Amino acid sequence: MKVTPKEKAKELKDKFSVQLRFFDEYSGYVDYTDSSHAKQFALVAVDEILNILNFSLDFKMNKSIKYWLDVKDEIENL
């Protein structure tokens, strides 16, 4: 089952959220999720992934271009 972009965005934000538990004298223990920086952290992670993919794709493309330039040279030398 593929994860949709929306589901992946939520998953990343949740991973970067901080789960806190504190004691309130009136309510007892209270669970709190701090997501104030989670979106920014998730965006940084996605940017890093995109940079790696762009590098990988450029590298593969350069390799493919070089291959076909070599083929062209070989054809011209026939």
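Going by the structure above, here's the rest.
J.: Looking at this structure, how should I read the packing of aromatic side chains?
T.: Each aromatic ring pair is summarised here by two numbers: the centre-to-centre distance and the angle between the ring planes. For the coordinates displayed, the defined rule picks out two aromatic pairs. Relative to phenylalanine 41, the ring of phenylalanine 16 lies with its centre 6.1 Å away and its plane at 65 degrees, an arrangement referred to as edge-to-face. Taken together, the positions of phenylalanine 16 in helix α1 (residues 5-16) and phenylalanine 41 in helix α2 (residues 38-76) put the pair 25 residues apart, joining distant regions of the chain. When the ring of phenylalanine 23 is compared with that of tyrosine 29, the centres are 5.2 Å apart and the planes differ by 70 degrees; the resulting orientation is edge-to-face. On the basis of relative accessibility, which here comes to 59%, the residue tyrosine 29 falls in the exposed class.

Cut-off values and rules
- Residues numbered from 1 in each chain as written.
- Predicted model: local features only at pLDDT ≥ 70, side-chain atom pairs only at ≥ 80, totals over all residues.
- Heavy atoms only, no water.
- Phe/Tyr/Trp six-rings, centres within 6.5 Å; stacked < 30°, edge-to-face > 60°.
- Helix = DSSP H or I, 4+ residues; strand = E, 2+ residues; numbered from the N terminus.
- Buried < 20%, exposed > 50% of the residue type's maximum accessible area, 1.4 Å probe, protein only.

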